[in-house]
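One-letter residues, chain by chain:
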Amino acid sequence: MTIKLFLTTLVCTLFVISLFIGPAHLPISDSLVAIFSDQGMLTLIMYEIRLPRALLAALIGAGLGLSGAAMQCYLRNPLAEPGIIGISSTAALGAIIALQTGFAASFAFALPLSALLAAAIGVFIVLRLSGPTASSLTLILAGVAVSAFSGALLTLVLNLSPNPFAVYEVIFWMMGSVADRSMQDFWLILPFLALGAFLLLKSKNALDALTLGEDAAHSLGINMHNLRLVIIFGTACIVGASTAIAGAIGFVGLVVPHILRPLVKAQPSQLLPISALGGAALLLSADIFIRVVFPTKDLKLGVITALLGAPLFLHLIVKLRKGQAS
Amino acid sequence: MRRIIAFLIGMLVPYGVFSMENTPQRVVSINLCTDQLAMMLAQPTQLFAVSHVAFDPLVSPMAIEAQNYELNYGFAEEIYMMQPDLVFASEYSNPALLNMLKRLGIKVEAFAPSQSFSDVKARIAQMGAALAQEDTAAQLIADFDAQLDDLNTRPSTQVSAMIYAANGYTSGQNTLAHEILEAARYHNAALEAGYAWGGKVPLEILAINRPDVLITSSRYPAHSQAEAILAHPIIKALQSDTHQQQHLQDQDWVCGTPYVLRAAKNIMLGAYDDN
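Residues numbered from 1 in each chain as written. Chains lettered and ligands numbered in written order. Predicted model: local features only at pLDDT ≥ 70, side-chain atom pairs only at ≥ 80, totals over all residues. Heavy atoms only, no water.

A. Summary view of the overall build of chain B. If you tally the helices and strands in chain B, you get 14 helices and 11 strands. Pairs at least 24 residues apart make up 62% of the contacts formed inside chain B by residues separated by at least 6 positions. Accessible surface for chain B amounts to roughly 13,400 Å². Of this, 54% is attributable to carbon and sulfur atoms. (Helix = DSSP H or I, 4+ residues; strand = E, 2+ residues; numbered from the N terminus. Contact = heavy atoms within 4.5 Å. Areas by Shrake-Rupley, 256 points an atom, 1.4 Å probe, with all protein chains shown as cover.)

B. Here's a closer look at the domain arrangement of chain B. All names here are of chain B. What the domain assignment lists for chain B is domain 1 (2-137) and domain 2 (160-274). Taken together, the 18 residues of domain 1 in the interface contact 20 residues of domain 2. Both sides of the domain 1 and domain 2 interface together cover about 1,500 Å² of buried area, and 71% of this is carbon and sulfur. In terms of surface lost to domain 2, no three residues of domain 1 exceed Leu 58, Pro 61 and Phe 117, which account for 40% of the buried area on that side. At the junction of domain 1 with domain 2, the criterion picks out 0 salt bridges. Here domain 1 is connected to domain 2 by 2 residue pairs in polar contact (both at pLDDT 80 or more). The set of elements that each furnish at least two residues to the side of domain 1 that touches domain 2 consists of helix H3 (32-41) and helix H7 (117-130). (Domains from an automatic or database assignment. Buried area = accessible area lost by both parts, 1.4 Å probe. Salt bridge = Lys/Arg side-chain N within 4 Å of Asp/Glu carboxyl O. Polar contact = N/O pair within 3.5 Å; in protein donor to acceptor, adjacent residues only side chain to side chain.)

C. Spatial organisation of the sheet that holds strand S5 (residues 108-111) of chain B. Residues and elements named next belong to chain B. Strand order in the open sheet formed by 5 strands is S3-S2-S1-S4-S5, with parallel pairing between adjacent strands. Strands with a single pairing partner mark the edges of an open sheet, and in this sheet they are strand S3 (70-72) and S5. Averaged over all pairs of adjacent strands, the angle between strand axes in this sheet comes to 25°, irrespective of strand direction. Inspection of the sheet shows strand S1 (residues 27-29) paired to strand S2 (residues 47-51) by 2 bridges, in the parallel sense. For Val 27, the partnering residue across the bridge sits in S2 and is Leu 47. Along the sheet, H7 makes contact with strand S4 (86-90) and S5, crossing S5 at roughly 170°. (Pairing = 2+ DSSP bridges. Axes fitted to C-alpha atoms, helices over the stretch in contact; angles between N-to-C directions.)

D. Layout of the interface of chain B and chain A. The interface is formed by 25 residues belonging to chain B together with 28 residues belonging to chain A. In this assembly, chain B packs against chain A so that about 2,200 Å² is buried in total across both faces, 68% of it on carbon and sulfur atoms. The largest contributions to the chain B side of the interface with chain A come from Glu 204, His 223 and Gln 225 of chain B, which together make up 30% of the buried area. Applying the counting criterion to the chain B and chain A interface returns 1 salt bridge. Here Arg 50 of chain A ties to Glu 204 of chain B by a salt bridge, and the two come within 2.7 Å at their closest N and O atoms. Viewed at the interface, chain A and chain B are joined by 8 residue pairs in polar contact (both at pLDDT 80 or more). At the level of secondary structure, the elements contributing two or more residues to the side of chain B that touches chain A comprise helix H11 (203-209), helix H12 (225-228) and helix H13 (233-241) of chain B. Partitioning the side of chain B that touches chain A into residue classes produces 15 nonpolar, 5 polar and 5 charged. (Nonpolar A, V, L, I, M, F, W, Y, C, P; charged D, E, K, R; others polar.)

E. Structural context of the state of the cysteines. All chains considered together, the criterion is met by 1 disulfide over all chains. Disulfide pairing is shown between Cys 33 of chain B and Cys 255 of chain B; the S-S distance is 1.9 Å. Since a negative S-S torsion denotes a left-handed disulfide, the Cys 33 of chain B-Cys 255 of chain B link at about -80° is left-handed. Of this pair, Cys 33 of chain B sits in helix H3 while Cys 255 of chain B sits in the loop between strand S11 (245-249) and helix H14 (259-274); the two residues are 222 residues apart in sequence, bridging distant segments of the chain. According to the relative accessible area criterion, Cys 33 of chain B is partly exposed, its value standing at 25%. A residue is classified by how much of its surface remains accessible, and Cys 255 of chain B, at 2% relative accessible area, is buried. No disulfide involves Cys 237 of chain A; its sulfur sits 19 Å from that of Cys 73 of chain A, the nearest cysteine. Residue classification places Cys 237 of chain A among the buried positions, given a relative accessible area of 0%. (Disulfide = S-S within 2.5 Å. Buried < 20%, exposed > 50% of the residue type's maximum accessible area, 1.4 Å probe, protein only.)

Shown next as structure tokens:
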């Protein structure tokens, strides 16, 4: 409980800090006044530029942390993460195809739905290729194949676009960013993330049972087929909608559950909610870091999360090898 | 000594052939900006092909004129097959291509990009000399000066304007866009906002500086994040809350040609309508 409280406070603090950081260097007092009374442009800056940015960082971070934890618990493999196993890049591919063909403009939810569909296909392929109890080897191989394939298609689509700027945006779609998003973007993805989070959190007890093994879970009355569908759909909702708006942000779903797992004795029912909080905290701090340390460079979020995540990933692999050796 | 050699060569080469060699007869241009200058100055028979970009009305003010010429995509093989006696390129054209053409024995004339109106005149003169059409070039320069003088007689305004192109890039001093703003009698708000040398202006800074006129770039077909920023709600809010005028940076702004003055006149009209 104390962990939850601590993480909630951390997320709230980071959220507030995020609101007061920006290139315009508004004094904190002015920003506060602008939030609560109409100060014209200042209020617009707070509500149209900074608020959506902070909200999206928190929401998407929470979603990625949660879906990473759910994937890891379901596959009982600490390497399962939407970014690494290629779901984020299939979602990005779906979003790009929708944007480039103009389908995204046909109705409001066309963009997140396309990304969701592509993400669902990605999850399905990875689960199918790696089998129900994924060994690390098959999981990573399936992930590498899926992300290389969708990454190549993504670059191809952007290359063929009649828009000369599109080809330079591979880095946005591969690394992710929440800069210059609007409240519309937030409202657009909120229902999908809420639905995904609901589904994944609902299955936390089933995931608890699954820690005893598939047969034991089955005998406890867990419908494995349903659980699989719920995990696929919930993850696709979260990763698809997030990626449609902010690109593929990697490593959040890997790092956060990994750090928090020892704190809750690896119990999925507890790991899931605190991974959501941890993900929000991580992405908010990454976004604050970008704006404080490289204010003019418009660094992508994935750069920071990968700087944190890659060493941890290597650490995981070393640990895995030691485990296999003994 | 040199004169004697020149005289001897003159004796050896029949006069007609000699002048043919001085005046390029089959020119290929591979850069949008040299395309336009060449189309303005060359005799119809002199210019053989222009770049495929010249056919795109989104960036080329002479897309219709370009229909009179062959098009090229700037591939060495393709250009060599056209057998040109002169190729026009930008100094920033692919250096591997230019070296290849030179190795194949084709004369290449590279043009520096224009960063000011005096550069524009220098490029016109350079193009005139390269095509041996000095008189036409002089006429075009005189015409340019007359139009510029006409613009300069208009009263200066205190209206501020800022370029806000894809990715939020603005143009500061030493750019053609800056001179276009000044010719339109605006003052460039990028200078006060701390972007005297151009760069990427965050939306927040734009909202705080609130220039009277915002000049955004025309959109290409299909989606790009770079241009999505121009549809951000804050840009619309600026327009409705502060009665900001918004203009498009169109094909006239792209190259250092006399069209830059048309660009200045187009954004100027808006300002005078308002006052």
